[in-house]
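Structural features, examined
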Amino acid sequence: MVKLTIPATELVRPGHAACPGCGPALAMRLLLKGLGPRTVLSMPACCWTVIATPYPTTALGVALLDNPIESTGASISGIRAAVDALAIPDVTVVGFAGDGGTADIGLQALSGMLERRTNAIYVMYDNEAYMNTGIQRSGATPEGAWTTTTPVGGAGRGKPERKKDIMGIVLAHRPVYAATLNPSFPEDFVRKAAKAREIAGPRFLHVFAPCPPGWRYSSEETIEIGRLATDTGVFPLYEVADGHLRLTRRLSSLKPIGEYLGRQGRYAHLTPEERARLQAEVRSGWERILREDASGSPGGPFSSRSSHAATKGDTVEAA
Amino acid sequence: MLEIRFHGRGGQGAVVASELLAQAAFLDGKRPQSFPFFGVERRGAPVTAYCRIDDREVRLRTSITRPDIVVVLEPGLLRAGSAMEGLKPDGILLVNSREEPAALPAPAGVRRASVDATTIALTHGLGTPMMPIVNTAILGALAAASGAVSLGALEQAIDRFVPAHPAENRAAARDGAAAVRVAPPLTAGHSRGASSAVARAPPLELPDAPMAVASSATIATAAWRTLRPEIDQRRCTRCNFCWKFCPDVAIELNAEGFPVVHLEHCKGCGICAAECPPGAIAMVAEG
Amino acid sequence: MTQIVMSGNSAQSYAALLARVQVIAAYPITPQTTIVEKLAEFVANGRLAAQYLQVESEHSALQSVVSASALGARTYTATSSQGLLLMHEVLHWASGLRVPVVMGVVNRAVAPPWSIGADHADTIAQRDTGWIQFYAESNQEVLDTVLEAYRIAEDPAVRLPAMVTEDAFYLSHTVEPVDVPSAETVDAFLPAREVRAILVPGVPARLGSFTGPIEYVGFRRDVARAMERVLPTLAAVEEDYARRTGRDHGGPLPTYRTEDADAVLLTMGTATTTARAVIDALREEGHRVGLAKLRVFRPFPVEAVRALAASVDRIGVLDRSFTFGPTGAAAMEVRSALYDASPRPLVSDFVAGIGGRDITPEAITRMFALLEGPEPPELTWIDLAAPEASADG
Ligand SMILES: Cc1ncc(C[n+]2csc(CCOP(=O)(O)OP(=O)(O)O)c2C)c(N)n1
Ligand code: SF4
Ligand code: SF4
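Here is a short report on the structure shown in this document. Per chain, residues are indexed from 1 in the order of the written sequence. Both sets of labels track the order of writing: A upward for chains, 1 upward for ligands. Thresholds applied to this predicted model are a pLDDT of at least 70 for local features of residues and 80 or more for the giving and counting of side-chain atom pairs; totals over whole chains, interfaces and linings are not thresholded and use all residues. The basis for every side-chain value is the complete set of non-hydrogen atoms in the structure, without hydrogens or water.

**Some thoughts on the overall build of chain A**
When its secondary structure is counted, chain A shows 11 helices and 11 strands. Dimensions of chain A, computed from the C-alpha atoms along their principal axes, are close to 60 × 50 × 50 Å. In chain A, which comprises 319 residues, the share counted as buried stands at 65%. Accessibility throughout is a Shrake-Rupley quantity obtained with a 1.4 Å probe, and a residue counts as covered only by protein chains that appear here. In the structure as shown, chain A presents an accessible area of about 10300 Å², 56% of it carried by carbon and sulfur atoms. For the purpose of counting charges, residues Lys and Arg are taken to be positive, whereas Asp and Glu are taken to be negative. His and the chain ends are not included. By convention, the point assigned to a charge is CZ for Arg, NZ for Lys, CD for Glu and CG for Asp. The positive charge centre, built from 35 side chains, and the negative charge centre, built from 31, are 2 Å apart in chain A. Each helix corresponds to a stretch of at least 4 residues labelled H or I by DSSP, and each strand to a stretch of at least 2 residues labelled E; elements are numbered beginning at the N terminus. Exposed residues in this analysis have more than 50% of their type's maximum accessible area, buried residues have under 20%, and partly exposed residues fall in between, with area computed by a 1.4 Å probe over protein chains only.

**A short note on the nonpolar core**
For soluble globular proteins, nonpolar side chains are generally found buried alongside one another. Ranked by size, the top nonpolar core spans 82 residues in total, and within it Met28, Leu31, Trp48, Leu60, Phe96, Leu205 and Tyr260 of chain A carry the most contacts. Here this core takes eight residues from helix H1 (residues 23-35) of chain A, the largest share from any one element. Contacts of Leu60 of chain A, omitting those with residues within four sequence positions, involve Leu11, Val12, Arg13, Met28, Leu32, Leu41 and Trp48 of chain A together with Pro204 of chain C. Here, nonpolar core refers to any group of buried Ala, Val, Leu, Ile, Met, Phe, Trp, Tyr and Cys residues whose side-chain atoms link them within 4.5 Å. Should any heavy atoms of two residues lie within 4.5 Å, those residues are counted as being in contact.

**With respect to the site of ligand 3**
Whether a residue is near a molecule or strand is decided by its heavy atoms; if any one of them lies within 4 Å of it, the residue is near. The full set close to ligand 3 counts 13 residues, and Cys246, Cys266, Cys269, Gly270 and Cys272 of chain B are the nearest of them. Of the residues belonging to the shell around ligand 3, the class tally is nine nonpolar, two polar and two charged. Ten residues, namely Ala, Val, Leu, Ile, Met, Phe, Trp, Tyr, Cys and Pro, are considered nonpolar, four, namely Asp, Glu, Lys and Arg, are considered charged, and the remaining ones, Gly among them, are considered polar.

**Considering the pairing of strand S14 (residues 314-319) of chain C**
Residues and elements named next belong to chain C. Among the six residues that make up S14, five are buried, leaving the element largely enclosed by the rest of the structure. Criterion used throughout: strands pair if DSSP finds at least two bridges between them. Note that strand S11 (residues 263-267) and S14 share four bridges and pair parallel. The partner of Val264 across the bridge, within S14, is Ile315. Relative to strand S15 (residues 346-351), S14 runs parallel, the two being bridged by six bridges. Bridging from a neighbouring strand, Ile315 pairs with Val347 of S15. Taken together, S14, helix H13 (residues 329-337) and S15 form a β-α-β motif whose crossover is right-handed. The handedness of a crossover follows from its direction of travel: if, with the strands pointing away from the viewer, the path from the first strand over the helix to the second runs clockwise, the crossover is right-handed.

**Looking at the pattern of salt bridges**
For side chains bearing opposite charge, pairing can occur when the charged atoms are close. A pairing counts as a salt bridge when a side-chain nitrogen of Lys or Arg comes within 4 Å of a carboxyl oxygen of Asp or Glu. In this structure the tally under the stated criterion is 62 salt bridges over all chains. Between Arg174 of chain B and Glu155 of chain B there is a salt bridge, with its nearest N and O atoms 2.8 Å apart. Pair noted here: Arg174 of chain B is in helix H6 (residues 166-179) and Glu155 of chain B is in helix H5 (residues 151-161), with a separation of 19 residues, a long-range link. Residue Arg174 of chain B is classed as partly exposed on the basis of its relative accessible area, which comes to 37%. For Glu155 of chain B, a relative accessible area of 16% puts it in the buried group. With its nearest N and O atoms 3.2 Å apart, the salt bridge here joins Asp232 of chain B to Arg234 of chain B. Exposure remark for Arg234 of chain B: the relative accessible area of 76% places this residue in the exposed category. Taken together, the salt bridges that share partners define one network made up of Glu137, Glu141, Glu148, Glu238, Arg276, Lys293 and Arg295 of chain C.

**Focus: the interface of chain C and chain B**
On the side of chain B, 10 residues touch chain C, which itself brings 21 residues to the contact. Buried area: the sum, over both parts, of the accessible surface (1.4 Å probe) that disappears when the two are put together. In this assembly, chain C packs against chain B so that about 1200 Å² is buried in total across both faces, 66% of it on carbon and sulfur atoms. Viewed at the interface, chain B and chain C are joined by one salt bridge. Here a polar contact is taken to be a pair of N or O atoms separated by no more than 3.5 Å, where protein atoms must pair a possible hydrogen donor with a possible acceptor and residues adjacent in sequence count only if both atoms sit in side chains. Counting across the interface, chain C meets chain B through four residue pairs in polar contact (both at pLDDT 80 or more). Across the side of chain C that touches chain B, the residue classes break down as 11 nonpolar, four polar and six charged. In the sheet, strand S8 (residues 211-212) of chain B pairs with strand S9 (residues 205-207) of chain C via two bridges, with the strands oriented antiparallel. Of the residues in S9 of chain C, the one forming a bridge with Met211 of chain B is Leu207 of chain C.

**Let's talk about the pairing of strand S1 (residues 2-9) of chain B**
Consecutive side chains along a regular strand alternate between the two faces of the sheet. Residues and elements named next belong to chain B. Counting buried residues along S1, seven of its eight residues qualify, which places the element largely inside the surrounding structure. Bridging between S1 and strand S3 (residues 46-54) involves eight bridges; their strand directions are antiparallel. Across the sheet, the residue bridging to Ile4 is Cys51, located in S3. Strand direction decides the pairing type here: S1 and strand S4 (residues 69-72), joined by four bridges, are parallel. Looking at the pairing, Phe6 lines up with Val71 of S4.

**What about the packing of helix H3 (residues 58-70) of chain C against helix H5 (residues 88-97) of chain C?**
Residue and element names in this part refer to chain C. Lines fitted to C-alpha atoms define the axes here, with helix axes fitted over just the stretch in contact, and angles between the N-to-C directions of these axes take values from 0 to 180 degrees. Between H3 and H5, the least distance of the axes is 9 Å, while the angle of their chain directions is 10°. Comparing their axes, H5 and H3 come out roughly parallel. Contacts between H3 and H5 involve His59, Leu62, Gln63 and Val66 on the former and, on the latter, Glu89, Val90, Leu91, Ala94 and Leu97. For the contact of H3 with H5, the per-class residue count stands at six nonpolar, two polar and one charged. Under this scheme an angle from 65 to 115 degrees is roughly perpendicular, one under 35 degrees roughly parallel, and one over 145 degrees roughly antiparallel; angles in between are oblique.

**Focus: H6 of chain B**
Residue and element names in this part refer to chain B. The span one expects for a helix is its residue count, reduced by one, times 1.5 Å. The end-to-end C-alpha distance of H6 is 20 Å, a good match for the 20 Å that 14 residues give at a rise of 1.5 Å each. Among all positions of H6, only Asn169, Ala171, Ala172, Ala173, Gly176 and Ala177 are buried. On its buried face, H6 sits against strand S6 (111-115), helix H3 (117-123), helix H4 (135-146) and H5.

**A closer look at a nonpolar patch on the surface**
All names here are of chain C. Residues Ile354, Trp381 and Leu384 make up a contiguous nonpolar surface patch of roughly 300 Å² in combined accessible area. Residue position: Leu384 is located in the segment after strand S16 (379-381). By relative accessible area, Leu384 is classed as exposed at 66%. Note on patches: the residues involved have over 30% relative accessible area and no salt bridge, like charges join within 9 Å, and the nonpolar side chains Val, Leu, Ile, Met, Phe, Trp and Tyr join within 5 Å.

**Section: the site of ligand 2**
Every residue close to ligand 2 is listed here: Cys19, Cys22, Pro24, Cys47, Ile51, Asn127, Cys211, Pro212 and Pro213 of chain A together with Arg42 of chain B. Looking at the residues close to ligand 2, they fall on chains A and B. Elements with a minimum of two residues in the shell around ligand 2: helix H2 (47-51) and helix H8 (212-215) of chain A. Looking at the shell around ligand 2 residue by residue, the class counts come to eight nonpolar, one polar and one charged.

**Some remarks on the packing of aromatic side chains**
Ring geometry is summarised as follows: Phe, Tyr and Trp rings, the Trp one being its six-membered ring, pair when their centres sit within 6.5 Å, and such pairs are stacked at plane angles under 30 degrees, edge-to-face over 60 and tilted between the two. Going through the model one piece at a time under the given rule, you end up with 16 aromatic pairs over all chains. Note on Phe96 of chain A and Tyr125 of chain A: the rings are 4.9 Å apart at their centroids and 20° apart in plane angle, and the pair reads as stacked. Separated by 29 residues along the polypeptide, Phe96 of chain A in strand S4 (residues 92-98) and Tyr125 of chain A in strand S5 (residues 121-126) bring together distant segments of the chain. Judged by relative accessible area, which is 1%, Phe96 of chain A ranks as buried. For Tyr125 of chain A, a relative accessible area of 1% corresponds to the buried category. Here the aromatic cluster, defined as three or more aromatic residues joined through ring pairs, consists of Phe208, Trp215, Tyr217 and Phe235 of chain A. Above the face of the Phe258 of chain B ring, Arg238 of chain B is positioned so that its terminal group lies 5.0 Å from the ring centre. Its guanidinium or amino end placed over the ring of Tyr256 of chain C, Arg276 of chain C lies 5.6 Å from that ring's centre, counting from NZ or CZ. Working rule: Lys NZ or Arg CZ, within 6 Å of ring centre, within 35 degrees of ring normal, means a charge sits over the ring.

Next up, the structure:
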């Protein structure tokens, strides 16, 4: 018998309609391994609306409710209220939404859900653009990235603005647990999902989710690009529990950002100067995380933030 | 009026091919119409596009269910079965394939044509082996095999409307026209493939609420694939990386812990091969 | 049963209490606020064991009760005007998912300019969302109708959301005696929700989904069919309610003094009460006039309107909102219902009471004068001028 490092149970079914190499498809697969079959998901319009396959089939082995793009936070508050009112035991209530449906049009409902301390997990899978509608920029699209609405050519240099700091916004609400997850690190991913499941209160998972057509790379590179995102410091892996930030993948040094950017067509136009600027950004972000990790609490503008924890954060490392 | 239906996969350019054909027909002095099937297009998923060409204004705004010509951008799509649906008995089937046209399955009466558009496209640097951009090569073949448009008009349309590599695309169209092969129709006794009858489904019985309970596992996504993983068990260390990373839940571990690929669901993304530490998985082209 | 002098808003809250709703979500807006304040009080003092969600918008209020209902809970929310407009997208979700959400709506004008006066523009703008719509005339009717609405909405033959509306201030903040049925009576009339086709934790299923045109049209047709079953269900539910409480509000189109009437005025909401008094006065003067109250706007009671039309020459319709189309919404529906009627009565539309303007006995008398006159106009905006200064003003 071989030893598995993540649960064998599959709650994503084959036959789904994701593009080959889809990061969000793999993310859902790993997520549900951590959350288990008594998960009730609410999901807005996003790529996963389509991936889950049209009526009369479903690609998920759990209960799933569709909701409008902007109301995932409210939907999971309602589901939790029903589960509590009807005293249905042992249910994990989860919102699963894209970056657009979370950080842009769904931000109000997310804020409401966190503020009223809904006992549920909100998952934002971040493919860094509106992909279901064909690669338009979102607030979570990184600076410099090409999208169909931030074209390259003429005066266009990709997205001029910086990526919205969704974790900063979420942490300002003092969730009981928040973490960054990356499917290229399956053990860490599943551990965080399973850990979130065991804590009561509002929880948030920020999931890195590479998208081959949207980021313009060849489908077999999804995992490697994810690894590079973390190892270059573009997407650090950490968790904030009990008000304490802890890096879950420590790096002795960052790989140069060029290794990450160079693999994706959406950054192909960047000049060395533009790359250098992005590199500086990433480095200062990484240093901030290191400081917060060392001091044990999220710093920066939220230095006073701490969470109303329901359970003590554990310190178990990835299996 | 000529009705042409294109079958490709998301990202392959079937919709662009149909539009280019319409542009070319217009340059020929015809009244064309082209539109995609309004579905949710995922890269690799089968997609359909329609083109009508007439001397007068086209007065139909419906999908094409009885095409005169069916163009298949990739032979794997013939596996999905629906490509030939409704094709007229005296119609034309044009497939991007290395095979001789005589080997193509088709209903009786249908003229069969094939062209190796993939090789032509790659020769001219169009696309990648996993996703070659074959639409201009196959349009050249279509012009030569059917006369739906002139090759001259097609080249002109490419020049005007293809932003990337127009010269290479024009060359691909010319090569496609030169390389297309046509086989005589099969007689009734020897026909294979889908019948040309358009199926009529009975009225649906639906539950009150739109609640889906069937499993997507009944949906085969094999036709999305252009490459197939082949696992060399002798080199496999049973690390199960391929299983962990497959986004399509297409790999299962057998009792001994060796990975088994479920080809009906594998989309050929190549992740398993890329992530296999000992390099025991190779991606090989689908025939 | 006890009699309590209460507002229309309290009648909404008491009905929700008696219905033993399990999940409540709401966002404040004048003049709905006292409904949700009272419910918060019921929950706080333990009279109602419900989850009360403090949401950050009406959009989220409706979304959360829709989702709660999709898991089987009996839910309640209330709103008005701008809040209802903000809910528009989710209204479609409620009917499409077939969740039996019941909502109280205080009819209020929509901005701009800002106005908190009574007006039906908010709910009329939602007529095509697949919701059952009741318009109430009195606080008693509000309370009774909310209870009936739960029975109808949750009936396996229907399974559609329902809104019970009341005019801003004329009911929402008007106190009058209301018979409150006992908890035992209501429990017998409205047992716990029977749950069907809902999401069950642990059971893989997808509620909502997406479809191609073939199934999509089927599901739309299902909603239309369910809507067709509302009025027969209402008849049965009202009969049961009357048996238990002695009160019957008379179906979708109750009439008043229409037996030998030549001209009938169709009203919605609180204008009905005043119109009844005007009719009595006009009858004294020998006018053969009557009244029909459009209590249910969705589904539109086409058959009842046709039956009424069979015996009258002229129908006036009082619309407390305007569609910016040819006429007000109720007049349009009435005309459409009567297209095939023979003989076909004349239909005259009166747009009145907009933005909280009083619908006075004089205004209604003027409507009847026009309706009975030589050439009743197709459309009249009543009371465009400022009212005369009153003698004691
Ligand atoms: C109110 C509303 N506006 C716009 C849309 C169209 N829409 C559907 S999916 C989508 C993109 C969502 O992007 P994101 O949340 O990032 O998820 P992704 O598609 O990238 O997976 C949009 C804009 C919608 N469904 N509803
Ligand atoms: S567009 Fe991107 S996110 Fe959407 S299904 Fe395809 S790979 Fe996945
Ligand atoms: S190529 Fe490998 S990883 Fe990709 S779908 Fe097929 S089996 Fe899964």
